[in-house]
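Each chain is listed here by its residues.
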Amino acid sequence: MEKASLSKSEKKYSLDSLFNPKAVAVIGASRKEGSIGYMIVKGLKEGGFEGKIYPINPNADEILGIKCYPSILDVPGEVSFAVIAVPQKLVLEVVEQCGKKGMGGVTVISSGFAEVGNIEAEKALREICDRYNMWLVGPNIIGTLSNPAKCNASFSPQLPYPGNIAFVSQSGALLIGLIGQTVIKKIGMSHVISNGNMAGLDFADFVEALDKDEHTKVICLYIEGFKDGRRFLEAAKRCSKPIVALKAGVSKRGEIATRSHTGSLAGSPKVYKSLFRQAGVLQAFTVPGLFHRAEALAHLNPMRGDNLLIITNGGGIGVLATDAAEYYGIPLQEPPKDLQDAMRKWMPEFGSPRNPVDITGMGDRESYAGALRDALTHPWTDGVVVLYCETAQTDPMDIAQGIYQVIQETKTEKPVVVAYVGGERSEAAGEWLIQHGIPFYDDPEFTMSSMGTLRERGRYLERSKANGEFEPFEVDREGVRQILDRVRSESRLSLTEYEAGMVFKCYGLPYIKSVIVNNEHEAVGAARAMGFPLALKILSPDILHKTEAKGVVLNISSEDGVRAAFDAIMHNARAYKPDARIQGILIQKMARPGPTEVIMGASKDPQFGPVVMFGLGGIFVEVLKDVSFRAAPISPAEALEMIKEIKSYEIIKGYRGKKPKHVEYLAETISRLSQLITDFPEIKEIDANPAMLYEDDLDIVDALITLEE
């Protein structure tokens, strides 16, 4: 029997043939100046590629002095990979020939595939590559560029500035524009890859490969969408190198039909922000921000504590930096007295030793170097930002060299970044600093953005050690299976609240005590047993939004109230939906006074799979959408991080004399909920809303579960 082909997630490709090629073929090479086939051959030759170049064109003997071949099968030697730039209708044929040639992979420049609706052709392209075990980049790309091999296998006019940052981009046009900027701004690149439609290799594949690449220290990504977001998150978690991502299009709501708060919030920017944070992906929001962050990460260690010191010669630039520091998550702290005393040595009497340290406009090389040395050698300091405004009496280059000398002499592992505000002299000094491995910026905001990223990286490394792996709880899976099977047998996609509550009970989720009654007599008897006050709710698989149907009565304090509520709910339910299947009325004990209302839930994100959500209930979720997400399952420690992430965490922690709530129990509950949606892939959405969080307990007072069709 023929062995089934491996799925994409099971296939593993070596990308050494892409990053370090020995021979590159250009299929569709052309003698016509300005054409893509001409530009690719020209780029390989003028970029200094030291391997063999094989232009493929049946109608030409040579291009740019390089011998042509009529077909890839006519090439005498081995080929690392082929760049394919032929009309779409010819692509499948030449890729088949590449497979027969036995090369490592292909990059397909040609367009006309899934991006214009030609999905079948793209599928066939992928199948051919799989059959011959070739990796595939594209189609619909501008090509790939590798500085270590001096291989410009694209129609970019030049290689990027050499360095150790790798950049993978779904946008080809953006990529070409940024390559020029890397040269002007001295942003050092190892590899630049256009991945286009991602019919073959996707972001996860490149993260895995670049993590092993000796020439790369930082991975930059421009992302418009994922083919398999969950696989990307898993690859990012395993990656030992920093990843910085600019995600475009986060404002577009995911295409998901929802019946719950959890589902309606999925697909939002908060999902990307939370899940990127979970996987250690550092998010950028602008193109300059992407590279500012990457430069800092490429040259400096993470910031391992929260104590940032600013040294400046100008009050204004110091205030701007202080504001930016708070915005980027590293608000300035007051330095200890002995460090302030040390700073006073390097400033006139009217300077300030506080944070920012203002050595005034009189600050020269000696002042900057002395203050920086004392800062870096003091145990309180975790990182330093040096700011300089150009003055007539000081030399920017002299100060830059003093900064570098101190960093070399102290052999510091603490990060130091620099910003100058000035003219040509400052620009020249900044370029010198960059060449010597010190991140330099011309704006204090960019400086703090980069330092904030270094601190964020440090926090992730600390957090990933502390959170640990998810360990499954002992739960009643069989009980849940029986409930879900019964619902399916009745051709339903929604569980009643009572059924959802019983599922919660099977997984140790604290669903409030509930009793089903079918008449007034049973209702009164249950009320006597439970005690007042009570809530009554309609129980029907056809009425999910009970409040909308006027099927809920709260704060019932007497037996007469129970009777009246029972009659009113039944009447309202029949008026709302005459054909609704009514299974009875649910009686529940009212929540105790003094809780904080929270919401927990889970849903299937279209790109990331099962995710769990947490936030404060009421206005906080309805209007402010103050929520956090994680890819499920998560440990209680990670759930606690998730709780602390929301802006309104102070309410849970306790404020104005109020006692803190039971966050450890809440974290365990979220972790159990994350296991539930992971264990049962047929569950589409879960809502535990509201849940009442007390100082010593947690009660879920409403439950909703819907299933996949």
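Structure's up top.
Residues numbered from 1 in each chain as written. Predicted model: local features only at pLDDT ≥ 70, side-chain atom pairs only at ≥ 80, totals over all residues. Heavy atoms only, no water.

Engineer: Is there a simple way to explain the packing of aromatic side chains in this structure?
Structural biologist: Inspection of the entire model under this criterion finds 16 aromatic pairs. With a centroid separation of 6.1 Å and an interplanar angle of 70°, the aromatic rings of tyrosine 368 and tyrosine 388 are classed as edge-to-face. Of the two residues, tyrosine 368 is situated in helix H13 (residues 365–377) and tyrosine 388 in strand S17 (residues 383–389); the sequence distance between them amounts to 20 residues. We note that tyrosine 368, like tyrosine 388, is buried. One aromatic cluster is present, built from ring pairs that chain together Phe203, Phe226, Phe232, Tyr272, Phe276 and Phe608. Directly above the aromatic system of tyrosine 272 lies the positively charged group of lysine 247, at a separation of 4.7 Å from the ring centroid. Above the face of the tyrosine 694 ring, arginine 592 is positioned so that its terminal group lies 4.0 Å from the ring centre. (Phe/Tyr/Trp six-rings, centres within 6.5 Å; stacked < 30°, edge-to-face > 60°. Helix = DSSP H or I, 4+ residues; strand = E, 2+ residues; numbered from the N terminus. Buried < 20%, exposed > 50% of the residue type's maximum accessible area, 1.4 Å probe, protein only. Lys NZ or Arg CZ within 6 Å of the ring centre and 35° of its normal.)

Engineer: Looking at this model, I keep getting lost on the packing of H13 against helix H14 (residues 396–410). Mind explaining?
Structural biologist: Helix packing geometry: the angle between the two helix axes and the distance between the axes. Their axes nearest at 9 Å, the elements H13 and H14 cross at an angle of 25°. Between H13 and H14, the interaxial angle falls into the category roughly parallel. Like other packed secondary-structure pairs, H13 and H14 cross with a definite hand, here right-handed. Each of Arg365, Tyr368, Ala369, Leu372, Arg373, Leu376 and Thr377 in H13 lies in contact with H14, whose residues at this interface are Asp398, Ile399, Gln401, Gly402, Ile403, Gln405, Val406, Ile407, Glu409 and Thr410. Tallied by class, residues from the contact of H13 with H14 come to 8 nonpolar, 5 polar and 4 charged. (Axes fitted to C-alpha atoms, helices over the stretch in contact; angles between N-to-C directions. Parallel < 35°, antiparallel > 145°, perpendicular 65-115°, else oblique. Left-handed = near helix turned anticlockwise from the far one by under 90°. Contact = heavy atoms within 4.5 Å. Nonpolar A, V, L, I, M, F, W, Y, C, P; charged D, E, K, R; others polar.)

Engineer: Mind showing me how you'd approach empty space enclosed by the protein here?
Structural biologist: To find leftover empty space, a probe the size of one water molecule is rolled over the atoms. Counting across every chain of the model gives 2 cavities of 30 Å³ or more. A volume near 40 Å³ is recorded for the second largest cavity. Listing elements by their share of the lining of the second largest cavity, those giving two or more residues are helix H5 (172–185) and helix H10 (287–299). Tallying contributions element by element places H10 first for the lining of the second largest cavity, with 3 residues. Classifying every residue of the lining of the second largest cavity by side-chain character gives 3 nonpolar, 2 polar and 1 charged. (1 Å grid on protein atoms, 1.4 Å probe; cavity = no way out; pocket = protein on both sides within 12 Å on 5 of 7 lines; lining within 4 Å. Points joined across faces, edges and corners; volume = space filled by probe spheres on them.)

Engineer: Any chance you could explain the layout of surface pockets here in plain terms?
Structural biologist: Counted as a void, the largest pocket has a volume near 1,400 Å³. Taken together, 37 residues make up the lining of the largest pocket; nearest its centre are Lys273, Arg277, Tyr327, Gly329 and Glu456. Broken down by secondary-structure element, the contributors of at least two residues to the lining of the largest pocket are helix H9 (269–279), strand S14 (281–284), H10, helix H16 (444–467), strand S26 (627–631) and helix H22 (636–645). The leading source of residues in the lining of the largest pocket is H16, at 10 residues.

Engineer: Which parts of the structure should I look at to understand the pairing of strand S6 (residues 105–108)?
Structural biologist: Residues Gly105 and Thr107 line one face of S6 and the alternating positions Val106 and Val108 line the opposite face, and both faces are buried. Bridge count for strand S5 (residues 81–84) against S6 is 4 bridges, and the pairing is parallel. Note on S6: the bridge partner recorded for valine 83 is threonine 107. As for the winding sense of the linkage, the β-α-β connection from S5 through helix H3 (residues 88–101) to S6 is right-handed. (Pairing = 2+ DSSP bridges. Right-handed = clockwise from strand over helix to strand, strands pointing away.)

Engineer: Sorry, what's going on with the nonpolar core here?
Structural biologist: Here is a general trend for soluble globular proteins: nonpolar side chains tend to be buried in one another's company. Leu44, Phe206, Leu221 and Phe232 are the most contacted members of the largest nonpolar core, which has 62 residues in total. Of all the elements, helix H6 (residues 203–211) adds the most residues to this core, at 6 residues. In contact with phenylalanine 232, other than residues within four places in its own chain, are Phe203, Ala204, Val207, Leu221, Ile223, Phe226, Phe276 and Val281. The next biggest cluster of nonpolar side chains, apart from the first, holds 47 residues, and it includes Val487, Val612, Phe614 and Tyr649. (Core = buried A, V, L, I, M, F, W, Y, C linked by side-chain atoms within 4.5 Å.)

Engineer: Would you mind showing me how to read the pattern of salt bridges here?
Structural biologist: Between side chains of opposite charge, pairing is possible as soon as their charged atoms come close. With the rule as written, the count across this model stands at 37 salt bridges. Note that aspartate 341 and arginine 344 form a salt bridge whose closest N and O atoms lie 2.8 Å from each other. Note that aspartate 341 and arginine 344 are positioned in helix H12 (residues 337–344) at a spacing of 3 residues, about one turn of the helix. Classification of aspartate 341 by relative accessible area gives partly exposed; the value is 32%. (Salt bridge = Lys/Arg side-chain N within 4 Å of Asp/Glu carboxyl O.)

Engineer: Could you clarify how one ought to interpret helix H19 (residues 520–530) in this entry?
Structural biologist: An α-helix turns once per 3.6 residues; consequently, residues spaced three or four apart project the same way. Residues Ala523, Val524, Ala526, Ala527 and Met530 constitute the buried set of H19. Along H19, the residues classed as buried sweep out an arc of 165° about the axis, all on the same side. Turned more than 90 degrees from where H19 packs its buried face, His521, Arg528 and Ala529 sit exposed. Elements that come into contact with the buried residues of H19 comprise strand S20 (514–517), strand S21 (534–539), helix H20 (559–576) and strand S23 (584–589). In the stretch just after H19, glycine 531 is the one whose phi turns positive, near 90°. (Arc of directions from axis to C-beta.)

Engineer: It is not clear to me how a negative patch on the surface should be interpreted in this structure. Could you clarify?
Structural biologist: Residues Glu424, Glu427, Glu431 and Asp442 make up a contiguous surface patch of negative charge. Considering the arrangement of structural elements, one finds aspartate 442 in the loop between strand S19 (440–441) and H16. (Patch = residues over 30% accessible without salt bridge, like charges linked within 9 Å, V, L, I, M, F, W, Y side chains within 5 Å. Areas by Shrake-Rupley, 256 points an atom, 1.4 Å probe, with all protein chains shown as cover. Lys, Arg positive; Asp, Glu negative; His and termini not counted. Charge placed at Lys NZ, Arg CZ, Asp CG, Glu CD.)

Engineer: I tried to follow unusual backbone geometry on my own but got confused; where do I start?
Structural biologist: Most of the time, phi is negative for any residue but glycine, and the peptide bond is trans. The step from asparagine 355 to proline 356 runs through a cis peptide bond, and the omega angle for that step is 10°. Here proline 356 is to be found in the loop between H12 and strand S16 (357–358). Alanine 632 connects to proline 633 through a cis peptide bond whose omega is 0°. Relative to the helices and strands, proline 633 resides in the loop between S26 and H22. At lysine 411, a residue that is not glycine, the phi angle is positive and equals roughly 50°. Position of lysine 411 among the secondary structure elements: in the loop between H14 and strand S18 (416–421).

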